[in-house]
Amino acid sequence: MTATLFELTFLVAAPFWALMIFAPKWSWTKRIAESYLIVLPPALIYVVLLVPELSTVLPLVTRPEIGPLAEYLATPSGTALVWAHMLAWDLFVGRWMYLEGRRLNVHPLVMAPVLVITILVAPVGLPLFLIVRKVCDTTNRGTAVVTHQ
């Protein structure tokens, strides 16, 4: 069951990423992304994986030590759990970035690579987007910008 949930986590998150990257201006993409519910599928998988592991995970996160944590993460349960956690959080952050990009009229050719980087390595994608956001916000305040909606 753990392996199935591991694979399912990506499958439930990928369509939302695909919409934000490949169809960013489609009216349904914005409607879908505006709903916080898009984060629920991977988050629910996380909860399903967490419940039977709670007695193991709780001590690891309340008193973290690298050795025991590394040992747990090297197990199928630990890997699936952290994968679901990462995908849920990355989707939450990516959703916010997409909506902010739309609000600031960031061109899709700028946003697409930032979102792809966020899928792959979110801690790099987020600061990259914050730079894009700052530049676009400053530009939008200082001059009239032609929007590409």
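Predicted model, so just to flag it, every value in this text is computed and none were measured.

## A short note on unusual backbone geometry
Phi is positive for N105, which is not a glycine, with a value near 60°. Position of N105 among the secondary structure elements: in the loop between α6 (76–103) and α7 (108–142).

## Regarding the confidence of the model for the protein chain
Mean pLDDT over the protein chain stands at 93; residues scoring 70 or higher make up 95%. Between the elements of the protein chain, mean pLDDT differs from a low of 92, seen in α7, to a high of 98, seen in helix α3 (residues 40–50).

## A few points about a nonpolar patch on the surface
Nonpolar side chains collect at one region of the surface, where Y36, L37, L40 and L44 lie side by side and expose about 430 Å² of accessible area between them. Mapped onto the elements, L44 comes out in helix α3.

## Focus on the environment of L37
Relative to the elements of secondary structure, L37 occurs in the loop between α2 (27–34) and α3. Given a relative accessible area of 44%, L37 falls into the partly exposed group. In this structure, the C-alpha to C-alpha distance between L37 and V124, residues 87 residues apart in sequence, is 25 Å.

## Focus: the nonpolar core
Ranked by size, the top nonpolar core spans 22 residues in total, and within it W17, M20, L91, M97, V106, M111 and L115 carry the most contacts. Counting residues per element, this core draws most heavily on α7, which supplies 7 residues. Sequence-distant contacts of M20, that is, excluding residues within four places in its chain, are made with T29, L91, G94, R95, Y98 and L115. I45, L49, V57 and Y72 belong to the second-largest nonpolar core, a separate cluster that totals 10 residues.

## Re the side chain of E53
For E53, the location among the structural elements is in the loop between α3 and α4 (54–62). The charged side chain of E53 is buried without a salt bridge, its nearest counter-charge being R63 at 15 Å. The residues contacting E53, other than those within four sequence positions of it, are Y72 and S77.

Cut-offs used in this document
- Residues numbered from 1 in each chain as written.
- Predicted model: local features only at pLDDT ≥ 70, side-chain atom pairs only at ≥ 80, totals over all residues.
- Heavy atoms only, no water.
- Helix = DSSP H or I, 4+ residues; strand = E, 2+ residues; numbered from the N terminus.
- pLDDT = per-residue confidence, 0-100.
- Patch = residues over 30% accessible without salt bridge, like charges linked within 9 Å, V, L, I, M, F, W, Y side chains within 5 Å.
- Areas by Shrake-Rupley, 256 points an atom, 1.4 Å probe, with all protein chains shown as cover.
- Salt bridge = Lys/Arg side-chain N within 4 Å of Asp/Glu carboxyl O.
- Buried < 20%, exposed > 50% of the residue type's maximum accessible area, 1.4 Å probe, protein only.
- Core = buried A, V, L, I, M, F, W, Y, C linked by side-chain atoms within 4.5 Å.
- Contact = heavy atoms within 4.5 Å.
- Lys, Arg positive; Asp, Glu negative; His and termini not counted.

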